[in-house]
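Topology and contacts: notes
The lines below spell out each chain.
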Amino acid sequence: MGATRLPNARWRPGALVAAVAILAAAGYADPPLRDAPIIWHVDDRRDIPPPAPRDPHGLRAGIDAMFFRPTGRMFNPARWVRRVGTLFGGDHVAHASNVNSLDEVPNSSWFTNRIGLFRVSPGEAARGPLTSLGPDRSGQWTVVRAKTEGVTPGFNIRDARGDVYVIKFDPPGHLGMATGAGVISGRILHTIGYNVPEDRVVHFDRDQLVVGSDVTITPPDGPPRPMTEQDLDDILSRVERSANDRWRALASKFLSGTPIGPFDWRGRRKDDPNDRIDHEDRRELRGLRMFAAWICHFDTKQGNTLDMYVDEGGRRFVRHYLIDFASTLGAGALGPVATHCLEYDSDVGMTIGRALALGLWEDPWRRIERPDGLAEIGYFETDAFYPMAFKPLQPNSAFANMTDRDGYWAAKIISAFTDEHLEAIVATGSYPSPEAAEWIVRALGIRRDAIARYFFDRVAPLDFFTTDDGVLRFHDLGVERGIYSAATTLYRARAAAVTRERVRSGWTSWLSLDDTLVNLSATNSLVAPPGGDTGRYPFLAVEVQASRQGRWSESVVVYLSRSSWRVVELSR
(Lines give C-alpha, C1' and ligand atoms only; values in the text may rest on other atoms or scores of the structure.)
Protein backbone atom coordinates (compact mmCIF):
# COMPACT_ATOMS: atom_id res chain seq x y z
CA MET A 1 0.00 0.00 0.00
CA GLY A 2 1.02 3.62 -0.18
CA ALA A 3 3.81 4.27 -2.64
CA THR A 4 6.56 2.40 -0.81
CA ARG A 5 9.17 1.09 -3.21
CA LEU A 6 10.14 -2.55 -3.26
CA PRO A 7 13.37 -3.95 -4.69
CA ASN A 8 13.14 -4.01 -8.47
CA ALA A 9 12.71 -7.39 -10.11
CA ARG A 10 15.95 -7.16 -12.09
CA TRP A 11 19.30 -8.72 -11.32
CA ARG A 12 21.79 -6.69 -9.35
CA PRO A 13 24.48 -7.73 -6.83
CA GLY A 14 22.90 -9.13 -3.71
CA ALA A 15 19.54 -9.74 -5.41
CA LEU A 16 19.32 -13.31 -4.13
CA VAL A 17 20.02 -12.26 -0.55
CA ALA A 18 17.46 -9.48 -0.82
CA ALA A 19 14.89 -11.86 -2.30
CA VAL A 20 15.34 -14.38 0.50
CA ALA A 21 14.93 -11.57 3.01
CA ILE A 22 11.72 -10.53 1.27
CA LEU A 23 10.29 -14.02 1.51
CA ALA A 24 11.41 -14.41 5.10
CA ALA A 25 9.69 -11.20 6.06
CA ALA A 26 6.55 -12.33 4.16
CA GLY A 27 5.89 -8.79 3.01
CA TYR A 28 7.35 -5.36 3.56
CA ALA A 29 6.98 -2.44 5.94
CA ASP A 30 4.12 -0.14 5.10
CA PRO A 31 4.42 3.49 6.14
CA PRO A 32 2.48 4.31 9.33
CA LEU A 33 -1.23 5.04 8.97
CA ARG A 34 -2.01 8.75 8.78
CA ASP A 35 -5.26 10.61 9.15
CA ALA A 36 -4.61 12.69 6.02
CA PRO A 37 -6.19 13.33 2.60
CA ILE A 38 -5.60 10.74 -0.11
CA ILE A 39 -3.01 11.61 -2.76
CA TRP A 40 -4.81 11.94 -6.11
CA HIS A 41 -2.28 14.04 -8.06
CA VAL A 42 1.44 13.49 -8.56
CA ASP A 43 3.67 16.50 -9.11
CA ASP A 44 5.54 15.27 -12.19
CA ARG A 45 4.98 18.43 -14.22
CA ARG A 46 7.83 20.46 -12.78
CA ASP A 47 9.70 22.71 -15.19
CA ILE A 48 12.69 20.87 -16.71
CA PRO A 49 15.19 21.48 -19.54
CA PRO A 50 14.37 19.73 -22.82
CA PRO A 51 15.43 16.06 -22.70
CA ALA A 52 17.44 14.67 -25.58
CA PRO A 53 15.44 13.01 -28.37
CA ARG A 54 15.36 9.23 -28.06
CA ASP A 55 15.42 7.12 -31.22
CA PRO A 56 15.93 3.41 -30.39
CA HIS A 57 17.01 1.16 -33.24
CA GLY A 58 13.95 -0.88 -34.17
CA LEU A 59 15.73 -4.18 -34.80
CA ARG A 60 17.91 -3.90 -31.71
CA ALA A 61 14.93 -2.96 -29.52
CA GLY A 62 12.95 -5.87 -30.94
CA ILE A 63 15.71 -8.40 -30.20
CA ASP A 64 16.06 -6.98 -26.71
CA ALA A 65 12.30 -7.30 -26.10
CA MET A 66 12.02 -10.77 -27.66
CA PHE A 67 15.11 -12.41 -26.18
CA PHE A 68 17.31 -10.58 -23.68
CA ARG A 69 14.63 -9.17 -21.38
CA PRO A 70 12.56 -12.39 -21.12
CA THR A 71 15.80 -14.35 -20.52
CA GLY A 72 16.79 -11.89 -17.79
CA ARG A 73 13.41 -12.35 -16.11
CA MET A 74 13.64 -16.12 -16.40
CA PHE A 75 17.00 -16.28 -14.61
CA ASN A 76 16.33 -13.53 -12.08
CA PRO A 77 16.80 -14.98 -8.55
CA ALA A 78 14.41 -12.44 -6.99
CA ARG A 79 11.63 -13.61 -9.30
CA TRP A 80 12.36 -17.27 -8.45
CA VAL A 81 11.89 -16.58 -4.78
CA ARG A 82 8.77 -14.54 -5.38
CA ARG A 83 7.33 -17.34 -7.52
CA VAL A 84 7.70 -19.61 -4.48
CA GLY A 85 6.05 -16.89 -2.43
CA THR A 86 2.96 -17.04 -4.66
CA LEU A 87 2.21 -20.43 -3.11
CA PHE A 88 1.62 -18.58 0.16
CA GLY A 89 -0.42 -15.71 -1.23
CA GLY A 90 2.38 -13.45 -2.47
CA ASP A 91 2.98 -11.89 -5.89
CA HIS A 92 5.61 -12.82 -8.45
CA VAL A 93 6.89 -9.23 -8.49
CA ALA A 94 6.83 -6.21 -6.19
CA HIS A 95 3.58 -4.27 -6.04
CA ALA A 96 3.16 -1.28 -8.32
CA SER A 97 5.11 1.70 -7.01
CA ASN A 98 2.80 4.54 -8.01
CA VAL A 99 -0.46 3.71 -6.23
CA ASN A 100 -1.98 5.73 -3.41
CA SER A 101 -3.23 4.41 -0.07
CA LEU A 102 -6.54 3.36 -1.69
CA ASP A 103 -4.63 1.23 -4.21
CA GLU A 104 -5.55 3.62 -7.02
CA VAL A 105 -3.39 5.36 -9.64
CA PRO A 106 -3.14 9.12 -9.04
CA ASN A 107 -3.32 11.56 -11.95
CA SER A 108 0.02 12.32 -13.59
CA SER A 109 1.61 13.13 -16.93
CA TRP A 110 1.02 9.45 -17.77
CA PHE A 111 -2.60 8.90 -16.80
CA THR A 112 -5.74 10.87 -15.87
CA ASN A 113 -8.53 9.08 -14.03
CA ARG A 114 -11.75 9.18 -16.01
CA ILE A 115 -14.35 6.41 -16.26
CA GLY A 116 -12.71 4.35 -13.51
CA LEU A 117 -13.49 6.97 -10.85
CA PHE A 118 -15.94 9.43 -12.38
CA ARG A 119 -19.18 9.38 -14.31
CA VAL A 120 -18.50 9.65 -18.03
CA SER A 121 -21.47 9.96 -20.35
CA PRO A 122 -21.58 8.01 -23.62
CA GLY A 123 -21.30 11.31 -25.47
CA GLU A 124 -18.16 12.28 -23.56
CA ALA A 125 -16.63 8.88 -24.25
CA ALA A 126 -17.41 9.25 -27.96
CA ARG A 127 -15.84 12.72 -28.06
CA GLY A 128 -12.68 11.40 -26.45
CA PRO A 129 -9.62 13.63 -26.91
CA LEU A 130 -11.12 15.80 -29.66
CA THR A 131 -10.64 19.54 -29.27
CA SER A 132 -11.34 20.59 -32.87
CA LEU A 133 -13.60 19.75 -35.80
CA GLY A 134 -10.82 18.03 -37.69
CA PRO A 135 -8.94 19.08 -40.83
CA ASP A 136 -10.17 22.45 -42.10
CA ARG A 137 -11.95 22.04 -45.45
CA SER A 138 -12.18 25.76 -46.20
CA GLY A 139 -9.01 25.41 -48.25
CA GLN A 140 -6.93 22.67 -49.81
CA TRP A 141 -4.89 20.18 -47.83
CA THR A 142 -1.21 20.51 -48.64
CA VAL A 143 0.73 17.25 -48.70
CA VAL A 144 3.91 17.94 -46.72
CA ARG A 145 5.30 14.41 -46.48
CA ALA A 146 4.61 11.14 -48.26
CA LYS A 147 4.95 7.48 -47.28
CA THR A 148 5.17 5.20 -50.28
CA GLU A 149 6.58 2.03 -48.79
CA GLY A 150 4.45 -0.77 -47.36
CA VAL A 151 1.09 -2.18 -48.36
CA THR A 152 -0.91 0.82 -47.17
CA PRO A 153 0.83 4.07 -48.10
CA GLY A 154 -0.08 7.41 -46.56
CA PHE A 155 1.02 11.01 -46.21
CA ASN A 156 0.95 14.04 -43.94
CA ILE A 157 -1.15 17.09 -44.75
CA ARG A 158 -1.33 20.66 -43.50
CA ASP A 159 -4.81 22.17 -43.52
CA ALA A 160 -5.89 25.80 -43.94
CA ARG A 161 -5.47 26.44 -40.20
CA GLY A 162 -1.89 25.19 -40.30
CA ASP A 163 -2.64 21.99 -38.36
CA VAL A 164 -0.76 18.89 -39.50
CA TYR A 165 -2.40 15.46 -39.75
CA VAL A 166 -1.14 11.99 -40.57
CA ILE A 167 -3.41 10.41 -43.19
CA LYS A 168 -3.64 6.60 -43.06
CA PHE A 169 -5.67 4.16 -45.13
CA ASP A 170 -7.18 0.71 -44.77
CA PRO A 171 -5.45 -2.41 -46.10
CA PRO A 172 -6.65 -3.41 -49.57
CA GLY A 173 -9.91 -5.37 -49.51
CA HIS A 174 -10.82 -4.31 -45.97
CA LEU A 175 -12.34 -0.86 -46.27
CA GLY A 176 -13.15 0.50 -42.82
CA MET A 177 -11.19 -2.11 -40.86
CA ALA A 178 -8.06 -0.26 -39.68
CA THR A 179 -9.49 3.26 -39.87
CA GLY A 180 -12.51 2.29 -37.78
CA ALA A 181 -10.44 0.31 -35.28
CA GLY A 182 -7.95 3.15 -34.87
CA VAL A 183 -10.61 5.70 -33.99
CA ILE A 184 -12.60 3.36 -31.71
CA SER A 185 -9.59 2.12 -29.75
CA GLY A 186 -8.26 5.65 -29.34
CA ARG A 187 -11.60 6.73 -27.82
CA ILE A 188 -11.58 3.71 -25.48
CA LEU A 189 -8.04 4.33 -24.27
CA HIS A 190 -8.72 8.04 -23.73
CA THR A 191 -11.87 7.26 -21.74
CA ILE A 192 -9.80 4.88 -19.63
CA GLY A 193 -7.32 7.66 -18.87
CA TYR A 194 -4.39 7.53 -21.31
CA ASN A 195 -2.99 10.38 -23.39
CA VAL A 196 -3.77 9.73 -27.07
CA PRO A 197 -3.86 11.75 -30.31
CA GLU A 198 -6.99 13.19 -31.91
CA ASP A 199 -7.98 10.54 -34.46
CA ARG A 200 -11.06 10.65 -36.68
CA VAL A 201 -12.38 9.13 -39.90
CA VAL A 202 -12.37 11.55 -42.85
CA HIS A 203 -13.56 11.33 -46.46
CA PHE A 204 -12.09 13.49 -49.21
CA ASP A 205 -11.91 14.00 -52.97
CA ARG A 206 -8.75 14.24 -55.03
CA ASP A 207 -9.16 17.98 -55.60
CA GLN A 208 -8.90 18.51 -51.81
CA LEU A 209 -5.17 17.69 -52.05
CA VAL A 210 -2.21 19.59 -53.44
CA VAL A 211 1.46 18.66 -53.22
CA GLY A 212 3.66 21.09 -51.30
CA SER A 213 6.47 22.85 -53.13
CA ASP A 214 9.33 21.40 -51.09
CA VAL A 215 8.15 17.79 -50.61
CA THR A 216 10.48 15.03 -51.70
CA ILE A 217 9.81 11.38 -52.40
CA THR A 218 12.15 8.40 -52.60
CA PRO A 219 11.18 5.91 -55.32
CA PRO A 220 12.05 2.23 -54.74
CA ASP A 221 14.51 2.32 -57.60
CA GLY A 222 16.12 5.74 -57.25
CA PRO A 223 17.37 8.61 -55.11
CA PRO A 224 15.10 11.21 -53.46
CA ARG A 225 13.49 13.73 -55.83
CA PRO A 226 10.74 16.39 -55.69
CA MET A 227 7.29 14.90 -55.33
CA THR A 228 4.81 15.52 -58.16
CA GLU A 229 1.04 15.42 -58.48
CA GLN A 230 1.46 12.19 -60.43
CA ASP A 231 3.23 10.64 -57.44
CA LEU A 232 0.22 11.52 -55.31
CA ASP A 233 -2.09 9.97 -57.90
CA ASP A 234 0.00 6.80 -57.81
CA ILE A 235 -0.30 6.62 -54.02
CA LEU A 236 -4.07 7.06 -54.14
CA SER A 237 -4.42 4.49 -56.90
CA ARG A 238 -3.24 1.85 -54.44
CA VAL A 239 -5.99 2.70 -51.96
CA GLU A 240 -9.56 1.43 -52.12
CA ARG A 241 -12.29 4.05 -52.51
CA SER A 242 -15.62 4.23 -50.69
CA ALA A 243 -18.93 3.53 -52.40
CA ASN A 244 -19.34 7.27 -53.10
CA ASP A 245 -16.01 7.22 -55.00
CA ARG A 246 -14.24 9.22 -52.29
CA TRP A 247 -11.25 8.18 -50.25
CA ARG A 248 -11.77 7.11 -46.66
CA ALA A 249 -8.87 7.63 -44.24
CA LEU A 250 -7.90 8.04 -40.62
CA ALA A 251 -6.67 11.56 -39.87
CA SER A 252 -4.43 11.73 -36.78
CA LYS A 253 -3.61 15.25 -35.62
CA PHE A 254 -0.02 16.06 -34.70
CA LEU A 255 0.42 16.36 -30.95
CA SER A 256 1.26 19.68 -29.32
CA GLY A 257 4.83 20.19 -28.21
CA THR A 258 8.16 18.80 -29.33
CA PRO A 259 8.44 15.04 -29.92
CA ILE A 260 11.41 13.47 -28.11
CA GLY A 261 10.90 9.85 -29.11
CA PRO A 262 9.18 6.82 -27.59
CA PHE A 263 9.35 5.76 -23.97
CA ASP A 264 10.74 2.38 -22.98
CA TRP A 265 8.58 -0.17 -21.20
CA ARG A 266 11.39 -0.65 -18.68
CA GLY A 267 13.55 1.76 -16.68
CA ARG A 268 13.25 5.54 -16.83
CA ARG A 269 14.16 8.42 -19.10
CA LYS A 270 17.42 9.43 -17.41
CA ASP A 271 17.33 13.08 -18.47
CA ASP A 272 13.78 13.66 -17.20
CA PRO A 273 13.92 14.47 -13.46
CA ASN A 274 10.13 14.03 -13.30
CA ASP A 275 10.43 10.39 -14.40
CA ARG A 276 11.04 8.92 -10.95
CA ILE A 277 9.45 5.45 -11.15
CA ASP A 278 10.69 2.55 -13.25
CA HIS A 279 8.17 2.11 -16.05
CA GLU A 280 7.67 -1.60 -15.44
CA ASP A 281 6.56 -0.69 -11.90
CA ARG A 282 3.87 1.77 -13.02
CA ARG A 283 0.39 0.31 -12.63
CA GLU A 284 -1.03 2.14 -15.66
CA LEU A 285 1.59 0.40 -17.84
CA ARG A 286 1.22 -2.99 -16.16
CA GLY A 287 -2.58 -2.80 -16.32
CA LEU A 288 -2.40 -1.79 -19.99
CA ARG A 289 -1.88 -5.49 -20.62
CA MET A 290 -5.59 -6.10 -19.92
CA PHE A 291 -6.75 -3.03 -21.83
CA ALA A 292 -4.68 -4.27 -24.77
CA ALA A 293 -6.18 -7.75 -24.37
CA TRP A 294 -9.68 -6.26 -24.40
CA ILE A 295 -9.22 -4.45 -27.73
CA CYS A 296 -6.62 -6.88 -29.13
CA HIS A 297 -3.92 -4.20 -29.30
CA PHE A 298 -1.03 -6.46 -30.24
CA ASP A 299 1.33 -3.82 -31.64
CA THR A 300 2.52 -2.32 -28.33
CA LYS A 301 6.15 -1.90 -29.30
CA GLN A 302 8.10 1.18 -28.18
CA GLY A 303 7.52 2.80 -31.54
CA ASN A 304 3.81 3.10 -30.77
CA THR A 305 4.48 5.33 -27.77
CA LEU A 306 5.64 8.94 -27.86
CA ASP A 307 6.98 11.41 -25.31
CA MET A 308 6.18 15.08 -25.98
CA TYR A 309 8.05 17.99 -24.39
CA VAL A 310 5.21 20.44 -23.77
CA ASP A 311 4.86 23.99 -22.45
CA GLU A 312 1.74 24.51 -20.35
CA GLY A 313 1.12 27.37 -17.97
CA GLY A 314 4.75 28.43 -18.15
CA ARG A 315 6.00 24.98 -17.16
CA ARG A 316 7.83 22.71 -19.56
CA PHE A 317 7.71 18.98 -18.95
CA VAL A 318 7.25 15.60 -20.66
CA ARG A 319 3.81 14.11 -21.34
CA HIS A 320 3.62 10.44 -22.28
CA TYR A 321 1.37 9.22 -25.10
CA LEU A 322 0.14 6.00 -26.63
CA ILE A 323 -0.22 6.33 -30.42
CA ASP A 324 -1.31 4.37 -33.51
CA PHE A 325 -4.25 2.06 -32.79
CA ALA A 326 -5.04 0.92 -36.33
CA SER A 327 -3.83 -2.59 -35.46
CA THR A 328 -6.58 -3.36 -32.94
CA LEU A 329 -10.00 -5.07 -32.87
CA GLY A 330 -8.63 -7.79 -35.15
CA ALA A 331 -7.24 -5.37 -37.75
CA GLY A 332 -3.67 -5.27 -39.03
CA ALA A 333 -1.50 -3.34 -41.47
CA LEU A 334 -1.72 -6.20 -43.97
CA GLY A 335 -5.26 -7.18 -43.08
CA PRO A 336 -6.48 -9.64 -40.43
CA VAL A 337 -4.03 -12.24 -39.10
CA ALA A 338 -5.38 -15.05 -36.92
CA THR A 339 -2.30 -15.34 -34.69
CA HIS A 340 -2.32 -11.69 -33.62
CA CYS A 341 -2.93 -11.35 -29.86
CA LEU A 342 -2.29 -15.07 -29.34
CA GLU A 343 1.35 -15.46 -30.34
CA TYR A 344 4.49 -13.35 -30.28
CA ASP A 345 5.98 -12.36 -33.60
CA SER A 346 8.68 -14.97 -33.04
CA ASP A 347 7.11 -17.38 -30.55
CA VAL A 348 9.72 -20.04 -29.86
CA GLY A 349 7.58 -21.68 -27.17
CA MET A 350 4.60 -22.13 -29.47
CA THR A 351 6.81 -23.39 -32.30
CA ILE A 352 8.41 -26.02 -30.06
CA GLY A 353 5.02 -26.95 -28.65
CA ARG A 354 3.61 -27.56 -32.12
CA ALA A 355 6.58 -29.73 -33.01
CA LEU A 356 6.23 -31.84 -29.87
CA ALA A 357 2.45 -32.17 -30.26
CA LEU A 358 2.92 -34.07 -33.54
CA GLY A 359 -0.33 -32.66 -34.88
CA LEU A 360 -2.39 -33.98 -31.93
CA TRP A 361 -3.10 -30.49 -30.56
CA GLU A 362 -4.72 -27.67 -32.47
CA ASP A 363 -3.60 -24.06 -32.02
CA PRO A 364 -6.40 -21.96 -30.51
CA TRP A 365 -6.14 -19.35 -33.26
CA ARG A 366 -7.07 -21.96 -35.88
CA ARG A 367 -10.57 -22.13 -34.40
CA ILE A 368 -11.24 -18.39 -34.67
CA GLU A 369 -13.58 -17.43 -37.50
CA ARG A 370 -14.38 -14.06 -38.97
CA PRO A 371 -18.05 -13.08 -39.43
CA ASP A 372 -19.33 -13.73 -42.93
CA GLY A 373 -19.78 -10.77 -45.23
CA LEU A 374 -18.13 -8.17 -42.99
CA ALA A 375 -14.85 -7.05 -44.55
CA GLU A 376 -14.34 -4.55 -41.71
CA ILE A 377 -14.02 -7.28 -39.06
CA GLY A 378 -10.85 -9.25 -38.46
CA TYR A 379 -10.03 -12.09 -36.07
CA PHE A 380 -11.57 -10.77 -32.87
CA GLU A 381 -12.34 -13.71 -30.60
CA THR A 382 -15.47 -13.75 -28.45
CA ASP A 383 -16.76 -17.17 -27.36
CA ALA A 384 -13.38 -18.63 -26.36
CA PHE A 385 -11.73 -15.38 -25.29
CA TYR A 386 -9.36 -15.91 -22.34
CA PRO A 387 -7.75 -12.69 -21.03
CA MET A 388 -4.44 -14.20 -19.89
CA ALA A 389 -3.84 -15.80 -23.28
CA PHE A 390 -3.19 -12.38 -24.81
CA LYS A 391 0.26 -11.81 -26.28
CA PRO A 392 1.52 -8.69 -28.05
CA LEU A 393 3.91 -9.01 -30.99
CA GLN A 394 6.84 -8.50 -28.61
CA PRO A 395 7.09 -9.43 -24.92
CA ASN A 396 6.58 -6.36 -22.77
CA SER A 397 8.46 -5.72 -19.51
CA ALA A 398 5.57 -3.86 -17.90
CA PHE A 399 3.02 -6.49 -18.98
CA ALA A 400 5.25 -9.22 -17.53
CA ASN A 401 5.08 -7.51 -14.12
CA MET A 402 1.29 -7.35 -13.95
CA THR A 403 -0.09 -8.73 -10.67
CA ASP A 404 -3.68 -9.69 -9.84
CA ARG A 405 -4.09 -6.31 -8.15
CA ASP A 406 -2.94 -4.54 -11.32
CA GLY A 407 -5.27 -6.71 -13.38
CA TYR A 408 -8.17 -6.03 -11.03
CA TRP A 409 -7.58 -2.28 -11.35
CA ALA A 410 -7.83 -2.63 -15.13
CA ALA A 411 -10.84 -4.95 -14.94
CA LYS A 412 -12.91 -2.59 -12.81
CA ILE A 413 -12.23 0.22 -15.31
CA ILE A 414 -13.14 -2.00 -18.25
CA SER A 415 -16.33 -3.11 -16.51
CA ALA A 416 -17.34 0.55 -16.07
CA PHE A 417 -17.98 0.74 -19.83
CA THR A 418 -21.67 0.09 -20.39
CA ASP A 419 -23.17 -1.14 -23.64
CA GLU A 420 -24.30 2.47 -24.22
CA HIS A 421 -20.70 3.66 -23.92
CA LEU A 422 -19.57 1.04 -26.41
CA GLU A 423 -22.33 1.87 -28.89
CA ALA A 424 -21.46 5.57 -28.79
CA ILE A 425 -17.73 4.93 -29.16
CA VAL A 426 -18.08 2.37 -31.96
CA ALA A 427 -20.28 4.80 -33.89
CA THR A 428 -17.25 7.10 -34.22
CA GLY A 429 -15.54 4.40 -36.30
CA SER A 430 -18.09 5.03 -39.10
CA TYR A 431 -18.04 1.44 -40.33
CA PRO A 432 -19.45 1.13 -43.87
CA SER A 433 -21.99 -1.46 -42.70
CA PRO A 434 -24.19 -1.13 -39.57
CA GLU A 435 -23.83 -4.87 -39.01
CA ALA A 436 -20.08 -4.42 -38.45
CA ALA A 437 -20.68 -1.83 -35.74
CA GLU A 438 -23.22 -4.08 -34.02
CA TRP A 439 -20.78 -7.00 -34.15
CA ILE A 440 -17.92 -4.98 -32.60
CA VAL A 441 -20.16 -3.66 -29.81
CA ARG A 442 -21.27 -7.19 -28.97
CA ALA A 443 -17.70 -8.54 -29.10
CA LEU A 444 -16.35 -5.78 -26.86
CA GLY A 445 -19.13 -6.49 -24.37
CA ILE A 446 -18.35 -10.20 -24.26
CA ARG A 447 -14.63 -9.58 -23.79
CA ARG A 448 -15.33 -6.89 -21.16
CA ASP A 449 -17.34 -9.33 -19.06
CA ALA A 450 -14.76 -12.11 -19.45
CA ILE A 451 -11.97 -9.86 -18.12
CA ALA A 452 -14.13 -8.64 -15.24
CA ARG A 453 -15.12 -12.15 -14.20
CA TYR A 454 -11.53 -13.42 -14.38
CA PHE A 455 -10.19 -10.78 -11.98
CA PHE A 456 -13.30 -10.38 -9.83
CA ASP A 457 -13.00 -14.10 -9.07
CA ARG A 458 -9.45 -13.48 -7.82
CA VAL A 459 -9.73 -10.09 -6.15
CA ALA A 460 -12.94 -9.27 -4.28
CA PRO A 461 -14.59 -6.40 -6.22
CA LEU A 462 -15.66 -4.58 -3.05
CA ASP A 463 -14.62 -1.01 -3.65
CA PHE A 464 -15.21 2.73 -3.31
CA PHE A 465 -15.57 2.75 0.48
CA THR A 466 -16.98 5.96 1.96
CA THR A 467 -18.30 7.04 5.34
CA ASP A 468 -21.54 8.91 5.94
CA ASP A 469 -23.40 9.54 9.22
CA GLY A 470 -21.62 6.76 11.05
CA VAL A 471 -22.02 4.25 8.22
CA LEU A 472 -19.28 2.70 6.09
CA ARG A 473 -20.69 2.18 2.60
CA PHE A 474 -19.11 0.26 -0.26
CA HIS A 475 -19.91 -0.98 -3.76
CA ASP A 476 -19.95 -4.57 -4.94
CA LEU A 477 -18.83 -4.02 -8.52
CA GLY A 478 -19.42 -7.67 -9.35
CA VAL A 479 -23.15 -7.34 -8.65
CA GLU A 480 -23.55 -3.77 -9.92
CA ARG A 481 -21.93 -4.61 -13.25
CA GLY A 482 -23.81 -7.83 -13.87
CA ILE A 483 -21.04 -10.35 -13.25
CA TYR A 484 -22.65 -11.95 -10.18
CA SER A 485 -26.23 -12.33 -8.98
CA ALA A 486 -27.36 -10.23 -6.04
CA ALA A 487 -29.70 -13.03 -4.99
CA THR A 488 -26.81 -15.40 -4.27
CA THR A 489 -24.44 -12.87 -2.69
CA LEU A 490 -23.93 -12.38 1.05
CA TYR A 491 -21.63 -10.01 2.95
CA ARG A 492 -19.93 -10.09 6.32
CA ALA A 493 -17.56 -7.84 8.23
CA ARG A 494 -15.47 -7.73 11.37
CA ALA A 495 -13.39 -5.04 13.01
CA ALA A 496 -10.34 -4.43 15.16
CA ALA A 497 -8.63 -1.49 16.83
CA VAL A 498 -5.35 -0.66 15.07
CA THR A 499 -2.18 1.25 15.90
CA ARG A 500 -0.44 3.52 13.41
CA GLU A 501 1.87 0.59 12.65
CA ARG A 502 -1.17 -1.67 11.96
CA VAL A 503 -0.83 -3.70 15.15
CA ARG A 504 -4.36 -4.97 15.74
CA SER A 505 -6.37 -5.79 18.81
CA GLY A 506 -8.39 -8.99 18.49
CA TRP A 507 -10.93 -9.15 15.69
CA THR A 508 -14.59 -9.08 16.61
CA SER A 509 -16.81 -11.93 15.51
CA TRP A 510 -18.03 -11.81 11.94
CA LEU A 511 -21.15 -9.68 11.56
CA SER A 512 -23.61 -10.52 8.79
CA LEU A 513 -24.54 -7.52 6.66
CA ASP A 514 -27.94 -6.91 5.13
CA ASP A 515 -26.48 -4.69 2.43
CA THR A 516 -23.22 -3.08 1.32
CA LEU A 517 -22.83 -1.03 4.49
CA VAL A 518 -21.38 -1.36 7.97
CA ASN A 519 -22.78 0.48 11.01
CA LEU A 520 -19.62 2.06 12.41
CA SER A 521 -21.24 3.16 15.64
CA ALA A 522 -22.21 -0.39 16.52
CA THR A 523 -18.89 -1.78 15.27
CA ASN A 524 -16.77 0.76 17.13
CA SER A 525 -18.51 -0.03 20.40
CA LEU A 526 -17.46 -3.67 19.99
CA VAL A 527 -13.81 -2.78 19.51
CA ALA A 528 -12.39 -1.55 22.77
CA PRO A 529 -8.66 -0.71 22.58
CA PRO A 530 -6.57 -2.98 24.85
CA GLY A 531 -6.36 -1.37 28.24
CA GLY A 532 -8.59 1.44 26.99
CA ASP A 533 -5.56 3.06 25.35
CA THR A 534 -7.27 5.06 22.60
CA GLY A 535 -4.11 7.07 22.02
CA ARG A 536 -2.20 3.96 20.95
CA TYR A 537 -5.07 2.60 18.84
CA PRO A 538 -6.34 5.63 16.89
CA PHE A 539 -7.54 3.63 13.84
CA LEU A 540 -10.23 1.09 13.12
CA ALA A 541 -9.72 -1.79 10.68
CA VAL A 542 -12.85 -3.17 9.02
CA GLU A 543 -12.47 -6.42 7.10
CA VAL A 544 -15.18 -7.18 4.54
CA GLN A 545 -15.88 -10.31 2.48
CA ALA A 546 -18.49 -11.39 -0.04
CA SER A 547 -19.92 -14.86 -0.53
CA ARG A 548 -20.87 -16.10 -3.98
CA GLN A 549 -22.97 -19.27 -3.71
CA GLY A 550 -21.47 -20.28 -0.38
CA ARG A 551 -17.81 -19.45 -1.02
CA TRP A 552 -16.32 -16.49 0.85
CA SER A 553 -14.04 -14.19 -1.11
CA GLU A 554 -10.62 -12.90 -0.19
CA SER A 555 -10.78 -9.98 2.22
CA VAL A 556 -10.73 -6.25 1.65
CA VAL A 557 -9.53 -4.37 4.74
CA VAL A 558 -10.35 -0.69 5.15
CA TYR A 559 -8.59 1.48 7.74
CA LEU A 560 -10.44 4.45 9.22
CA SER A 561 -9.51 7.18 11.64
CA ARG A 562 -11.55 6.77 14.83
CA SER A 563 -11.62 10.52 15.32
CA SER A 564 -12.57 11.82 11.85
CA TRP A 565 -13.98 8.56 10.37
CA ARG A 566 -11.91 9.31 7.29
CA VAL A 567 -11.03 6.28 5.12
CA VAL A 568 -7.24 6.43 5.16
CA GLU A 569 -6.20 3.18 3.49
CA LEU A 570 -7.48 0.12 1.66
CA SER A 571 -5.71 -3.24 1.61
CA ARG A 572 -6.35 -6.19 -0.68
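See above for the structure.
Residues numbered from 1 in each chain as written. Predicted model: local features only at pLDDT ≥ 70, side-chain atom pairs only at ≥ 80, totals over all residues. Heavy atoms only, no water.

**Some thoughts on the sheet that holds strand E3 (residues 164-168)**
Strand pairs in the sheet, formed through backbone hydrogen bonds, run parallel or antiparallel to each other. Read from one edge to the other, the open sheet built from six strands follows the order E4-E8-E3-E2-E1-E5, with strand pairing classed as mixed. Where the open sheet ends on each side, the last strands, each with one partner, are strand E4 (199-204) and strand E5 (209-211). Mean inter-strand twist for the sheet, computed between neighbouring axes without regard to direction, equals 40°. Here E4 pairs with strand E8 (residues 247-253) via six bridges, running antiparallel. From the neighbouring strand, Phe-204 faces E8, where its bridge partner is Trp-247. Where helix H5 (residues 177-192) meets the sheet, it contacts E3, E4 and E8, and its direction lies at approximately 30° from that of E8. Strands strand E1 (141-147), strand E2 (154-158), E4, E5 and E8 of the sheet are contacted by helix H6 (residues 229-237), whose axis makes an angle of about 130° with E5. (Pairing = 2+ DSSP bridges. Helix = DSSP H or I, 4+ residues; strand = E, 2+ residues; numbered from the N terminus. Axes fitted to C-alpha atoms, helices over the stretch in contact; angles between N-to-C directions. Contact = heavy atoms within 4.5 Å.)

**Focus: the nonpolar core**
In terms of nonpolar packing, the biggest core is built from 67 residues, with Tyr-194, Phe-291 and Leu-444 touching the most fellow members. With 25 residues, the next largest nonpolar core counts Ile-38, Ala-493, Ala-495 and Ala-546 among its residues. (Core = buried A, V, L, I, M, F, W, Y, C linked by side-chain atoms within 4.5 Å. Buried < 20%, exposed > 50% of the residue type's maximum accessible area, 1.4 Å probe, protein only.)

**Quick word on empty space enclosed by the protein**
Under the counting rule described, the total for this entry stands at seven cavities of 30 Å³ or more. In this structure, the largest cavity encloses a volume near 50 Å³. In terms of lining residues, the largest cavity is bounded by Trp-265, Leu-288, His-297, Asp-299, Thr-300, Lys-301, Asn-304, Thr-305 and Leu-322. Within the lining of the largest cavity, the residues separate by chemical class into three nonpolar, four polar and two charged. (1 Å grid on protein atoms, 1.4 Å probe; cavity = no way out; pocket = protein on both sides within 12 Å on 5 of 7 lines; lining within 4 Å. Points joined across faces, edges and corners; volume = space filled by probe spheres on them. Nonpolar A, V, L, I, M, F, W, Y, C, P; charged D, E, K, R; others polar.)

**A few points about the sheet that holds strand E10 (residues 305-312)**
Spatial strand order, E9-E10-E11: three strands in an open sheet with antiparallel pairing. In the strand order of this sheet, the two ends are held by strand E9 (258-259) and strand E11 (315-322), each with one partner. Relative to E11, E10 is paired through eight bridges, and the arrangement is antiparallel. Across the sheet, the residue bridging to Glu-312 is Arg-315, located in E11.

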